[in-house]
Amino acid sequence: MYAVLGCGTAGYLAASKLQEQGKKVLIVDNDEKRVESLKEREFERVILGDITDPSTLKEAGIEQAEAVLILTTNVELNRKAAETVRRLSRDVPIIVRGGKEAGSKEFEGLDVDVVINPTVVVASVAIESLYDLELKKKLRNLRRIIEDAPKGVAIVTQDNPDPDAIASALSLKKIVEHFGSVGEIIYGGEIGHEENRALVNLLGLSLTPISKVRDLRGYSKIALVEASIPGENNSLPKSITPDIVIDHHQVDESKVKAEYKDIRPEVGATSTILTEYLVHLGIEITPEIATALLYGIKTDTNDFTRGTTAQDLKAVAILYPKADHDLLMKIETPVMSAETLDVLSEAIRNRKIRGSFLLTNVGFIRDRDTLPQAADHLLRLEGISTVLVYGIGGDVIHISGRNRDIRINLGEVMQKAFGNIGSAGGHATAAAAKIPLGLFGGVKDKASLLKLAEEAVTDRFFKALGIEGEEK
Ligand SMILES: [Mn+2]
């Protein structure tokens, strides 16, 4: 049972809301006429009496209430009522309406749980509506651009798209269709990770590799998702200016050229932004889309632990009940391909351990995405806190690193070790690098190439860590 003391406008609204939610409501009010009419409204109990009078409240059974709401406009009366309730019960939660000012002192020294300041409430609701209003305006622009796309919209994602990129592109495609055009999801690189392939296969998505696209200019509009500058981590030619950019990566916004930009580095995933769009546009979030978006947010925020904001969690709250959790489990624990297993066994066989470091050369590879998967597995080995798995694919040495030693920022170490002879980057716990084989000028024999690669990787890595001289 919830108690509402004083049933003016706010009290009555609160009581009605609680009743709508199927909760039992007790009302105490000192206005005879009001009490008469309230009695006809099927509240659990309506009592005529003074809300500051201990015997009235005791008789009403206030001590047993789940919570007490005191919302009259008379702050002095509210304080007295709260005092009385607190004297009758030390633990019943009290929500009370305070004065206009934030942080006002009317309830100082009194153990109330929540003080509501009307001005603050009005201001925060105004800000919330402002946010909605801005979103509405934004989406009106998006609609205008898409409605003017008779030859469809090319939705280009980042290279080697991750779940966030795939889910975001899929949602944008839905939005494009909602606005009466057609969307095609286009990606560069590969869909490498088994989980990502599982996502695409289990949802039956059709994604087009950019190599199969004859002319991007054949589409009326171009959108970039999970990337913002043509050619940077995506295969959109630099000569093409996208019409739409939706991303959450940190970028110098002045460099982003697009008619429609929604770049929010503060949110944990682009999927969060697209969830907001779908909700606002009233587009049905099917179990497939909910699963994909939820998985996108989940992987980008490392299971809601890294850079997760209230907005991400709000999106999760919307997606979670709609998602297909059996499907999600299947995506998250996909079958392992034979090639991944081969690379993993090679990585285990060739491992070289030095202190808590494990470095391993897996030789020649076809799919570079097998490397981070092998590194993930090896990081679970007892006593190991940093793993480097590398192999030769095409004319490049691919290096994938994983680290859980908090003293080491692997991204920085890899940058220091390999940045000047190739490219490197990443985070403290996960990083990658590429070294072009051209560096070894014309060595054709495979065995020597492997040996050279091994020396280059090992020496440079330990040197960057400040550990000289290799133990053999
Ligand atoms: Mn992302």
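Residues numbered from 1 in each chain as written. Predicted model: local features only at pLDDT ≥ 70, side-chain atom pairs only at ≥ 80, totals over all residues. Heavy atoms only, no water.

1. Considering the packing of aromatic side chains
Now for step 1: Summed over all chains, the structure comprises 4 aromatic pairs.
Now for step 2: Ring centres 6.4 Å apart and planes at 80° place the aromatic pair Tyr12 and Phe43 in the edge-to-face group. Highlighted residues: Tyr12 in helix 1 (residues 9-20) and Phe43 in the loop between helix 2 (32-39) and strand 3 (45-48), separated in sequence by 31 residues.
Now for step 3: What makes Tyr12 partly exposed here is its relative accessible area of 28%.
Now for step 4: The class for Phe43 is buried, based on a relative accessible area of 9%.
Now for step 5: Each residue in the set Phe357, Phe461 and Phe462 is aromatic and connected to the rest through ring pairs, giving one cluster.
Now for step 6: Lying over the aromatic face of Phe462, Arg354 brings its terminal NZ or CZ to 4.1 Å of the ring centre.
Now for step 7: Above the plane of the ring of Phe364 lies Lys446, whose end atom (NZ or CZ) is 4.6 Å from the centre. (Phe/Tyr/Trp six-rings, centres within 6.5 Å; stacked < 30°, edge-to-face > 60°. Helix = DSSP H or I, 4+ residues; strand = E, 2+ residues; numbered from the N terminus. Buried < 20%, exposed > 50% of the residue type's maximum accessible area, 1.4 Å probe, protein only. Lys NZ or Arg CZ within 6 Å of the ring centre and 35° of its normal.)

2. With respect to the coordination of the manganese ion
Now for step 1: At the metal site, the manganese ion is ligated by Asp164 (OD), Glu226 (OE), Glu226 (OE), His248 (NE2) and Asp300 (OD), and these contacts range over 1.9 to 2.5 Å.
Now for step 2: Along the chain, the residues that donate to the manganese ion are spaced as D-x61-E-x21-H-x51-D. Here Asp164 is found in helix 6 (residues 163-178), whereas its partner Asp300 is found in helix 9 (residues 287-300), with 136 residues between them in sequence.
Now for step 3: Judged by its relative accessible area of 0%, Asp164 falls in the buried class.
Now for step 4: For Asp300, a relative accessible area of 14% translates into the label buried. (Donors = N, O, S within 2.8 Å, 3.2 Å for Na, K, Ca; no water.)

3. Describing a nonpolar patch on the surface
Now for step 1: Side chains of Ile127, Leu130 and Leu133 sit close together on the surface and give an oily, nonpolar patch of about 300 Å² of accessible area.
Now for step 2: Tracing the chain through its elements places Ile127 in helix 5 (residues 118-147).
Now for step 3: By relative accessible area, which is 55% here, Ile127 ends up exposed. (Patch = residues over 30% accessible without salt bridge, like charges linked within 9 Å, V, L, I, M, F, W, Y side chains within 5 Å. Areas by Shrake-Rupley, 256 points an atom, 1.4 Å probe, with all protein chains shown as cover. Salt bridge = Lys/Arg side-chain N within 4 Å of Asp/Glu carboxyl O.)

4. Re the pattern of salt bridges
Now for step 1: For the structure shown, the criterion picks out 21 salt bridges.
Now for step 2: Close ionic contact of Lys58 with Glu63 constitutes a salt bridge, the shortest N to O distance being 3.4 Å.
Now for step 3: What makes Glu63 partly exposed here is its relative accessible area of 27%.
Now for step 4: With its nearest N and O atoms 3.2 Å apart, the salt bridge here joins Lys138 to Asp262. Placement of the pair is Lys138 in helix 5 and Asp262 in strand 12 (residues 260-263), with a sequence separation of 124 residues.

5. Some thoughts on the sheet that holds strand 2 (residues 25-29)
Now for step 1: Taken in spatial order, the 6 strands line up as 3-2-1-4-5-6 in an open sheet, and their pairing is parallel. Whereas interior strands pair on both sides, the edge strands pair on one side only; in this sheet they are strand 3 and strand 6 (114-116). On average, each strand axis in the sheet is tilted by 15° relative to the strand beside it, whichever way the strands run.
Now for step 2: Against the sheet, helix 1 engages strand 1 (2-5), strand 2, strand 4 (67-70) and strand 5 (94-97), with an angle of about 165° to strand 2. (Pairing = 2+ DSSP bridges. Axes fitted to C-alpha atoms, helices over the stretch in contact; angles between N-to-C directions. Contact = heavy atoms within 4.5 Å.)

6. Quick look at the sheet that holds strand 13 (residues 351-354)
Now for step 1: Taken in spatial order, the 6 strands line up as 13-14-15-16-18-17 in an open sheet, and their pairing is mixed. Sheet topology places strand 13 and strand 17 (423-426) at the edges, where each strand pairs with a single neighbour. Ignoring strand direction, the axes of neighbouring strands in this sheet form an average angle of 15°.
Now for step 2: Note: strand 13 against strand 14 (residues 357-364), 4 bridges, orientation antiparallel. Looking at the pairing, Arg351 lines up with Thr360 of strand 14.
Now for step 3: Along the sheet face, helix 15 (residues 446-465) touches strand 13, strand 14, strand 15 (386-393), strand 16 (396-403) and strand 18 (430-436) and points at about 155° away from the line of strand 14.

7. Describing the side chain of Gln158
Now for step 1: Note that Gln158 resides in the loop between strand 7 (153-157) and helix 6.
Now for step 2: Residue class for Gln158 comes out buried when judged on its relative accessible area of 6%.
Now for step 3: Here the side chain of Gln158 touches Glu226 through a polar contact of 3.3 Å, landing on its backbone oxygen.
Now for step 4: For Gln158, the residues in contact, after removing those within four places along its chain, are Ala165, Tyr187, Gly188, Val225, Glu226, Ala227, Asn233, Asn234 and His249. (Polar contact = N/O pair within 3.5 Å; in protein donor to acceptor, adjacent residues only side chain to side chain.)

8. Looking at the environment of Ala169
Now for step 1: Tracing the backbone shows Ala169 in helix 6.
Now for step 2: Distance from Ala169 to Pro287, taken between C-alpha atoms, is 16 Å for residues 118 residues apart in sequence.
Now for step 3: Among all residues touching Ala169, those that are not within four sequence positions of it are Ile155, Thr157, Ile185 and Val225.

9. Observations regarding unusual backbone geometry
Comment: phi is negative for the bulk of residues other than glycine, and the bulk of peptide bonds are trans.
Now for step 1: Non-glycine residue Asn302 carries a positive phi angle of around 50°.
Now for step 2: Relative to the assigned elements, Asn302 resides in the loop between helix 9 and helix 10 (310-319).

10. Details of the nonpolar core
Now for step 1: With 52 residues, the main nonpolar core has Leu172, Ile175, Ile246 and Tyr277 as its most contacted residues.
Now for step 2: Listed in part, the 26 residues of the second largest apolar core include Leu359, Leu388, Phe440 and Phe461. (Core = buried A, V, L, I, M, F, W, Y, C linked by side-chain atoms within 4.5 Å.)

11. Observations regarding the pairing of strand 2
Now for step 1: Most of strand 2 sits out of view: 5 of its 5 residues are buried.
Now for step 2: Residue alternation in strand 2 divides its side chains into two sets, Val25, Ile27 and Asp29 and Leu26 and Val28, and both sets are buried.
Now for step 3: Bridge analysis of strand 1 against strand 2 gives 4 bridges, and the strand direction is parallel. Residue Tyr2 lies in a different strand from strand 2, and its bridge partner there is Val25.
Now for step 4: One crossover worth recording links strand 1 to the parallel strand 2 by way of helix 1, and it is right-handed.
Now for step 5: For the crossover that starts at strand 2, traverses helix 2 and ends in the parallel strand 3, the hand is right-handed. (Right-handed = clockwise from strand over helix to strand, strands pointing away.)

12. Looking at the domain arrangement of the chain
Now for step 1: Domain boundaries assigned for the chain yield domain 1 (2-116), domain 2 (132-332) and domain 3 (338-465).
Now for step 2: Computed from C-alpha coordinates alone, the two centres of domain 2 and domain 3 are separated by 31 Å.
Now for step 3: At the junction of the two partners, domain 2 supplies 6 residues and domain 3 supplies 6 residues.
Now for step 4: Taking both sides of the interface into account, the surface hidden between domain 2 and domain 3 amounts to around 590 Å²; carbon and sulfur atoms contribute 32%.
Now for step 5: Of all residues in domain 2, Glu190, His193 and Glu194 bury the most surface against domain 3, accounting for 60% of the area lost on that side.
Now for step 6: Summed over the shared surface of domain 2 and domain 3, the number is 1 salt bridge.
Now for step 7: Here Arg197 ties to Asp367 by a salt bridge, and the two come within 2.9 Å at their closest N and O atoms. (Domains from an automatic or database assignment. Buried area = accessible area lost by both parts, 1.4 Å probe.)

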